[in-house]
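Geometric and topological summary
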Amino acid sequence: MNTPENFLNQDNNSFDIVKEIRYYLFFWPWFLVSVLVFSFGAYFHLRYANIIYKTSATLQVKDASSDPSSFLTKSSGSLIDFGRVKIDNFITQLNAKTNFAGVVDRLDLQTQIYSIGRVKQKLLFGDDIPFKIVFKTLLPHGEIRLVLKPSEGLLQLGDQTTSFDFSLPLETDEFVLTVNAVKIKIPQEFLINRSSRDMATVSLSKSVAISAGSKTGDNMDLTVQGDNIQRNESIINTLIEVSHQQQKINKQEIFDLTIDFINNRLSSIKTEIDTLTLQTTGFKSENLIFSPDLQTAEALTNIYTIDEQQF
């Protein structure tokens, strides 16, 4: 039964949509300010954040049977047993510390040069750098600030600032700086960091990833992540060159060891044959069973056999 109290409760529980809209519209300036703040924040983050580039390459691993050195292992038996080289072994060879150290030396990755902008720093590499700095030792060096203007340059080492012109290289006890004046059109500021060789090698090894292309394939994938695309490409190409050069050195060492062993073995066999021949000749002479024609034929046969073995 509907009573006045029931009607009153129904009115209190009813939803006033107009009142709710007016309530939220009261805060619309705050919503608008929040959207604008987050939008500008996202824009500036994307505009000035350091972009990490990923550069990849694929290497094909040749089968061992196509290796020119495989002829050394065809009939060696248990003497030299290389077996079938797995792709994991090639990955391990590429990940060797000596390879990364070679890349660091060739590309001088100990030295990192940044262009200082209004908000962020940009890592430079190769032709993007309008100067060349050559350190005299492999030791690390403190931070160097360099300001280049079309007319002069300013070099800051700690609290000491030195001005110089571009006509002659600037030489100090630690490095030699040569500026390409043609590339200096407007004032530019640079930051130079010099790390140790070991630290640069470890940092490079962490930025490079080497993995098998597939479980049953014969390809390897090389991936480098960094701030500069040209630097990434140079690292991959140089790592491949250094690895190939190291493989050539290793194979040459195997060739040299194998050839030395064969030569020593042939020399030993020849000495044994000569000794046995002399003993046989002496025995036949003492027992009057020496035959010049037969001995001459046997000697020629032995010489021919030795020539074949040497070949």
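Residues numbered from 1 in each chain as written. Predicted model: local features only at pLDDT ≥ 70, side-chain atom pairs only at ≥ 80, totals over all residues. Heavy atoms only, no water.

Re the environment of threonine 58
We count it as follows: Secondary structure elements are defined from DSSP: runs of H or I of at least 4 residues count as helices, runs of E of at least 2 residues count as strands, and each element is numbered from the N terminus. Buried, partly exposed and exposed residues are distinguished by accessible area as a fraction of the type maximum, computed with a 1.4 Å probe on protein chains only: under 20%, between the cut-offs, and over 50%, respectively. In the analysis that follows, any N or O atom pair within 3.5 Å is treated as a polar contact, provided that within protein one partner can donate a hydrogen and the other can accept it, and provided that, for residues neighboring in sequence, both atoms belong to side chains.
Here threonine 58 lies in strand 1 (residues 53-60). Judged by relative accessible area, threonine 58 falls into the exposed class, the value being 52%. Engagement of the side chain of threonine 58 in a polar contact is seen with the side chain of aspartate 221, the distance being 3.3 Å.

Brief notes about the sheet that holds strand 4 (residues 131-135)
As a reminder, the rule being used: Think of it this way: DSSP has to see at least two bridges between two strands before they count as a pair.
An order of 4-9-8 is seen for the three strands of this open sheet, with the pairing classed as antiparallel. Lying at the two open borders of the sheet, with one neighbouring strand each, are strand 4 and strand 8 (170-171). Looking at chain direction, strand 4 and strand 9 (residues 175-179) are connected through five bridges and run antiparallel. When the bridges of strand 9 are listed, valine 134 appears paired with valine 176.

Details of the pairing of strand 2 (residues 111-116)
Both strand 2 and strand 10 (residues 188-194) contribute to a ladder of five bridges, which runs antiparallel. Note on strand 10: the bridge partner recorded for glutamine 112 is asparagine 193. Pairing analysis gives four bridges linking strand 2 to strand 3 (residues 121-124), with the strands arranged antiparallel. Within strand 3, the position partnered with isoleucine 116 by the bridge is glutamine 121. Here strand 2 hands over to strand 3 after four residues, the two strands then running antiparallel side by side.

Focus: the nonpolar core
A general trend in soluble globular proteins is that nonpolar side chains are found buried together. Put simply, the rule is: Nine residue types can take part in a nonpolar core, namely buried Ala, Val, Leu, Ile, Met, Phe, Trp, Tyr and Cys, and a core is a set of them joined through side-chain atoms within 4.5 Å.
Core analysis: the largest hydrophobic core is formed by 24 residues, its most contacted members being Leu109, Leu204, Val208, Met220 and Leu222. Those elements that place two or more of their residues in this core are helix 4 (87-94), helix 5 (97-107), helix 6 (197-207), strand 11 (208-212), strand 12 (219-226) and helix 7 (229-286). Leu148, Phe164, Phe175 and Ile192 belong to the second largest nonpolar core, which has 19 residues in total.

Description of the packing of aromatic side chains
This is how the line gets drawn: Any pair of Phe, Tyr and Trp rings, taking the six-membered ring for Trp, is counted once the centres come within 6.5 Å. Such a pair is stacked with planes under 30 degrees apart, edge-to-face with planes over 60 apart, and tilted for the rest.
According to the stated counting rule, one finds three aromatic pairs in the structure shown. Seen from their ring centres, phenylalanine 131 and phenylalanine 190 are 5.3 Å apart, and the 75° between their planes marks the pair as edge-to-face. Note that phenylalanine 131 is positioned in strand 4 and phenylalanine 190 in strand 10, a separation of 59 residues in sequence. Of the two residues examined, phenylalanine 131 and phenylalanine 190, each falls in the buried class.

Considering the pattern of salt bridges
What counts, and what does not: By salt bridge we mean one thing: a side-chain nitrogen of Lys or Arg within 4 Å of a carboxyl oxygen of Asp or Glu.
Enumeration over the complete set of coordinates arrives at six salt bridges. With its nearest N and O atoms 2.7 Å apart, the salt bridge here joins aspartate 105 to arginine 197. In this pair, aspartate 105 is assigned in helix 5 and arginine 197 in helix 6, connecting sequence segments 92 residues apart. Between glutamate 189 and arginine 145 there is a salt bridge, with its nearest N and O atoms 3.3 Å apart. With glutamate 189 in strand 10 and arginine 145 in strand 5 (residues 141-148), this pair connects stretches of sequence that are 44 residues apart. Glutamate 189 sits in the partly exposed class, given a relative accessible area of 30%. According to the relative accessible area criterion, arginine 145 is partly exposed, its value standing at 28%. Look at the salt bridges and you will find they share partners, linking Glu143, Arg145 and Glu189 into a network.

Some points on helix 5
When we look at burial in helix 5, the residues that qualify are Asn99, Phe100, Ala101, Gly102, Val103, Val104 and Leu107. Remark: aspartate 108 follows helix 5 within two positions and exhibits a positive phi of approximately 50°.

Notes on the layout of surface pockets
Stated precisely, the cut-off is as follows: Computed over the protein atoms alone on a 1 Å grid, cavities are sets of points where a 1.4 Å probe fits but cannot get out and pockets are open sets with protein on both sides within 12 Å along at least five of seven lines; a residue lines them when it has an atom within 4 Å of a point. Grid points are joined across faces, edges and corners, and a volume is the space filled by probe spheres set on the points. Residue polarity follows a fixed list, in which Ala, Val, Leu, Ile, Met, Phe, Trp, Tyr, Cys and Pro are nonpolar, Asp, Glu, Lys and Arg are charged, and the others, Gly among them, are polar.
Of the volumes computed, that of the second largest pocket is approximately 390 Å³. Leu107, Asp108, Ile113, Ile129 and Ile133 are, among the 20 residues lining the second largest pocket, the residues nearest its centre. Its residues assigned to classes, the lining of the second largest pocket shows twelve nonpolar, four polar and four charged.

Comments concerning the pairing of strand 7 (residues 160-164)
Inspection of the sheet shows strand 6 (residues 153-157) paired to strand 7 by five bridges, in the antiparallel sense. For leucine 155, the partnering residue across the bridge sits in strand 7 and is threonine 162. Hairpin remark: strand 6 followed by strand 7, antiparallel, with two residues in the connecting loop; positive phi at glycine 158, about 65°.

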